[in-house]
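The residues making up each chain are set out below.
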Amino acid sequence: MAPVLLLWLAVCLSGAWAVDRGNFKTCDQSAFCKRQRALKPAESPYRALLETMELTNTKLTLQLINDNNKVRLLLELYRLQGNMTRVKINELKPLKPRYEVPDVLIREPPTEPLSLLSQDENGVVLSLGAESQRVIVSARPFRLDIMEGREVVMSLNSRGLLAFEHLRMRKDTFSYKVTSTVASVWDNIKRVFTSQTEPEVEKNEEADPANQAETAKDEDKAVDGMWEETFKSHSDSKPNGPSAVSLDFSLPGVEHVYGIPEHADDLRLKTTDNGDPYRLYNLDVFQYELYNPMALYGAVPVMLAHNTHRTTGIFWLNAAETWVDISSNTAGKTVFGKMLDYVQGSSETPQTDVRWISESGIIDVFIMLGPTPTDVFAQYASLTGTQSFPPLASLGYHQCRWNYNDQEDVRSVDAGFDEHDIPYDFIWLDIEHTDGKRYFTWDPHKFATPKEMLQGLKDKKRKMVAIVDPHIKVDSNYKIHNEIRSRDFYVKNKDGGDYEGWCWPGNAGYPDFTRADMRDWWASMFAYDQYEGTMDNLHTWNDMNEPSVFNGPEVTMHKDAMHGDWEHRDVHNIYGLYVHRATAEGLIQRSGGTERPFVLTRAFFAGSQRYGAVWTGDNAAEWDHLKISIPMCLSLGLVGISFCGADVGGFFKSPGAELLVRWYQTGAYQPFFRAHAHMDTARREPWLFGPENTALIREAVRQRYTLLPYWYQLFYQAHRTGYPVMRPLWVEYPQDPATFAVDNEFLIGKDLLVHPVTEEGARGVTAFLPGKHEVWFDVHTFQKHNGAQNLYIPVTMSSIPVFQRGGSIIPRKLRVRRSSLCMEDDPYTLYVALNVQRTAEGELYIDDGHTFNYEKKEFIHRRLSFINNSLSSVNLAPDAQFTTASWIERIVILGASKPSKVIVKTTDGQESPVEFEFDASMSVLTLRKPGMNAGEDWTVTLQ
């Protein structure tokens, strides 16, 4: 094994930085995808048996029958609270239970009653609560339409692509049993076969799959890969046979769809008619290609559809390998072509059609009916939860490399940040810090005294992250391995033994994180008395948790590996979430439940937002990889995962100084801000590219730290509401088609617009400033610009085009220190940007920055408002209790007029004058040292 592993590593670590696409399947190489995609739109073989309909207070149930094979399905339709509809389809009588994804929904979604409006032999009409909102179930063929008034919002199976491969017994297995059993058993089997062709089957319109082998008709249609599949040298035994499910959705009036991360592609999803569908299958892809639908490290099966009237969402709850086809009747039409249609009076309504195909499981889909973007975010959050509220320090800058060599290297890098006056909060250790890739250990020579190292960081109010991967070295002298084996916690192979594969330690076992008892045990390993050498300022990074198996098919686990009663094919995409969850729970438990954890994961699924941060994986030091980081993180934010970032500088290859500087400038305005690099790249700490570039990087990082109060407030909002922190423009300007495909700039919250410089050698950029009635202020120059325009901005190497929306108030801390914790009690500066009505509003949120005490109402939450020449701070949470030493040091009002005097009135009724300066050329008023406590009521009046 060892020579082969070394050869694999040699290839991976060589200079040939490129993905080998031959290691990963196309749809044609994935048997179920090829089989399902061969089905073309036509009249569906499924019809609804209306006589089986049952309507209760919580749901409608109805049987569907496939007229080709007489297999029945059970349809369940739910009206959920919050303007959502749930559709579940399963076999009526499956041969064995089919996998239904657990642990993703935060609770069983509460239902509301459906009411029957009408029924005839063609179908039924049900009310969805609102008078104009209803669902129509058509019987022959089966089709489901969601209507609002006369408008079709969404249709299911309108193209007849519902497919549900029922579980069955393999014919050759039956033949073997028939020839090797006694006559009485033969008689029973013969009766089963005979019953399939007797007239009563047609009469009852049902064939029971539990007694059904492949019929001759099935056999004629059998294709390669139904019962066994081979890819390269790997064989998938498929003991359960074909089990794919598929359903199509039609979206009238929609031309823009988003989501289904993770893909290195544009924000707006493309049509897939002339290529592969988008693939959702968590994979360790070595330096991924850009602008294609290949699967990457994570999979969130959520799609958003948007037009000027409505935003909707589709959540396909299935953890198996999934492919998503997208087609549109306007795809490929130029703007001129669309104008010609309009002039000629073309009546064709734009429409996007989406088809989901999964290898196993059931159909369980949540239709989020909006109608606004924020409604969809709230609806999805009600199902899968919100972004975890991160410790404030984790929103600062992170310095990482594979690998910092030893404790002296860590000390030297830490000192380098102080020497060059660059703040940071976390330094990271990759796999080389362990004792021979044995996680939960330290190299006894290079990291002999880890507590001493951690204490040194703690003395400076800094922290560390160490990697803990989910592949466990098979070594009888390794405590973690021995405990997992003794508790029988490893994933099993198809033959019942422990599943083993190659990863960084060599031969490795893979804990079965789908087991709650395994997750509990894993969490217990983070206790200070178990994970020796750790302290409370050590946090965790889960990598390789797709899971990555170097010698496995597509560099992952065999699909016929077993997790208890379930095959890996059923649970693949949720495995990484379980690793992430168990680790986060471990960090919480080690603190006695008081401290918020920070855990970074590479693999993720729907619901992963509840456990921490993600990053975009093994990118490269190329300009296109810098550009793609924006739509990749925007896509993740749309499906609930706000805490996203990309490796600053690129993981593979060595960036030039210009690319590195531009990446720092971009990363400083993305939610997760970490530099990371491959071990074979040149060292790239921020001060290694000459004094001029060091100064540029320092300024970018310092800008990040001044805005930490705003970032923290936005993450609190995300935690409470599910709204994304980093947002596409269309989220805030949903009626402006000019925003719908923009993905080279973005909003932080609703009040900061960022257009990073991502072109090599750029002398200028053109930023779109949205909003017909908006004004935007350059945060660096305070220059005022009108909205609804493309603004050309000359740039130099120091330029980071950022604009504050008129009508907003943003808190900053301008005294930047070496870490966020050092700035805890520092004063605030409020930037008040007035709109055309000369008003503005914002918020200020403060808590201790690291515990769960905010859940006990220990925080400050203030509303800041400017109206009628008066700026005030009002308590948004009068039942909350918290105190702060921070005060208001400065107020900067953009778009102001010069007052004759300024008066501050505090909560005790005292009034006092405030010094001010007014820049008439820029209409900027600066109030100096008004002196109010940040947690108290106060009013500042301009007279």
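Nothing here was measured: the structure is a model prediction, and the numbers come from that model.

**Brief notes about the nonpolar core**
Of all hydrophobic cores here, the largest spans 174 residues; its most connected members are Phe-315, Trp-522, Ile-574 and Tyr-664. Among the elements that take part in this core, helix α15 (residues 623–638) stands out by supplying nine residues, more than any other. For Ile-574, the contacting residues outside a window of four places in its chain are Tyr-99, Val-101, Pro-102, Val-104, Ala-319 and Phe-605. Judged by nonpolar contacts, the second largest core, of 50 residues, contains Ala-48, Leu-251, Val-324 and Ile-363.

**A few points about the sheet that holds strand β49 (residues 888–894)**
Read from one edge of the open sheet, eleven strands run β51-β50-β54-β48-β47-β46-β44-β45-β49-β53-β52, paired in mixed fashion. The two strands at the open ends of the sheet, each matched to only one other strand, are β51 (911–913) and β52 (915–919). Here the average twist between neighbouring strands, direction ignored, is 20°. Examined bridge by bridge, strand β47 (residues 860–867) and strand β48 (residues 870–875) share six bridges and lie antiparallel to one another. Among the inter-strand pairings, Arg-863 is bridged to a residue of β48, identified as Val-874.

**What about the packing of aromatic side chains?**
Taken as a whole, this structure holds 49 aromatic pairs when the rule is applied. Centroid distance Phe-315 to Tyr-380: 5.4 Å. Interplanar angle 90°. Geometry classified as edge-to-face. One end of the pair, Phe-315, is in strand β18 (residues 311–316); the other, Tyr-380, is in helix α8 (residues 373–384), and 65 residues separate them in sequence. The pair Phe-315 / Tyr-380 is uniform in exposure class, with both members buried. Taken together, a centroid distance of 5.3 Å and an interplanar angle of 70° make the contact between Trp-428 and Trp-541 edge-to-face. Note that Trp-428 is positioned in strand β23 (residues 426–429) and Trp-541 in strand β28 (residues 538–542), a separation of 113 residues in sequence. The same class applies to Trp-428 and to Trp-541, which are both buried. Grouping aromatic residues by their ring pairs yields a cluster made of Phe-426, Trp-428, Trp-541, Phe-598, Trp-615, Phe-643, Phe-672 and Phe-715.

**Thoughts on the confidence of the model for the chain**
Do not read the predicted coordinates in detail wherever pLDDT is low. In this model, the chain carries a mean pLDDT of 93, and residues with pLDDT of at least 70 account for 91%. Confidence over residues 174–205 falls short of pLDDT 50; this stretch has 26 contacts with residues more than four positions distant or in other chains. This model gives residues 213–220 a pLDDT under 50, and the stretch forms 15 contacts once residues within four places in sequence are excluded.

**Brief notes about helix α14 (residues 575–590)**
Helical periodicity: at 3.6 residues per turn, an α-helix aligns residues three or four positions apart in one direction. Helix length check: α14, at 16 residues, gives a terminal C-alpha distance of 23 Å against a target of 22 Å (1.5 Å per residue), a fit within 8%. Counting buried residues in α14 gives 13 out of 16 residues, a clear majority hidden from the surface. Looking one or two residues past α14, Gly-592 carries a phi angle of roughly 75°, positive in sign.

**Thoughts on the sheet that holds strand β40 (residues 775–778)**
With antiparallel pairing, the six strands of this open sheet are ordered in space as β36-β37-β38-β43-β40-β41. Two strands close off the open sheet at either side, each with one partner strand: β36 (726–727) and β41 (784–786). Strand direction decides the pairing type here: β36 and strand β37 (residues 746–748), joined by two bridges, are antiparallel. In the strand pairing of β37, Met-726 is matched with Ile-748.

**Comments concerning the domain arrangement of the chain**
The domain boundaries assigned to the chain delineate domain 1 (45–165 + 241–384), domain 2 (392–726) and domain 3 (827–942). Between domain 1 and domain 2, the contact holds 51 residues from the first and 52 residues from the second. The contact between domain 1 and domain 2 buries some 4,400 Å² in all, and 59% of this surface belongs to carbon and sulfur atoms. Applying the counting rule to domain 1 against domain 2 returns six salt bridges. Across the pair Asp-103 and Arg-581 runs a salt bridge whose closest N-O atoms are separated by 3.8 Å. Counting every contact that joins domain 1 to domain 2 gives 21 residue pairs in polar contact (both at pLDDT 80 or more). Every element with two or more residues in the side of domain 1 that touches domain 2 is listed here: β15 (256–259), β16 (278–280), β17 (302–306) and α8. The element contributing the most residues to the side of domain 1 that touches domain 2 is α8, with six residues.

**Structural notes on helix α16 (residues 657–667)**
Among the eleven residues that make up α16, nine are buried, leaving the element largely enclosed by the rest of the structure. Listed as buried for α16 are Leu-659, Leu-660, Val-661, Arg-662, Trp-663, Tyr-664, Gln-665, Thr-666 and Gly-667. Contacts from the buried residues of α16 go to β22 (397–399), α15, β34 (647–648), β35 (673–675) and α17 (691–706).

**As for the UniProt feature "domain: Glycoside hydrolase family 31 TIM barrel" (unreviewed entry) in the chain**
On the UniProt side, "domain: Glycoside hydrolase family 31 TIM barrel" (unreviewed entry) is annotated at positions that read residues 388–714 here. As a span, residues 388–714 carries 34% helix and 13% strand, and end to end its C-alpha atoms are 12 Å apart.

**Description of the pairing of β52**
When β52 meets strand β53 (residues 924–928), the two strands line up antiparallel, connected through five bridges. Counterpart to Asp-919 in the pairing with β53 is Val-924. In textbook terms, the turn of a hairpin is the stretch between consecutive antiparallel strands, and for β52 and β53 this stretch comprises four residues, one of which, Ser-923, has a positive phi near 55°.

Rules and cut-offs
Residues numbered from 1 in each chain as written. Predicted model: local features only at pLDDT ≥ 70, side-chain atom pairs only at ≥ 80, totals over all residues. Heavy atoms only, no water. Core = buried A, V, L, I, M, F, W, Y, C linked by side-chain atoms within 4.5 Å. Buried < 20%, exposed > 50% of the residue type's maximum accessible area, 1.4 Å probe, protein only. Helix = DSSP H or I, 4+ residues; strand = E, 2+ residues; numbered from the N terminus. Contact = heavy atoms within 4.5 Å. Pairing = 2+ DSSP bridges. Axes fitted to C-alpha atoms, helices over the stretch in contact; angles between N-to-C directions. Phe/Tyr/Trp six-rings, centres within 6.5 Å; stacked < 30°, edge-to-face > 60°. pLDDT = per-residue confidence, 0-100. Expected span 1.5 Å × (residues − 1). Domains from an automatic or database assignment. Buried area = accessible area lost by both parts, 1.4 Å probe. Salt bridge = Lys/Arg side-chain N within 4 Å of Asp/Glu carboxyl O. Polar contact = N/O pair within 3.5 Å; in protein donor to acceptor, adjacent residues only side chain to side chain. UniProt positions renumbered as here; feature names shortened; annotations may be inferred.

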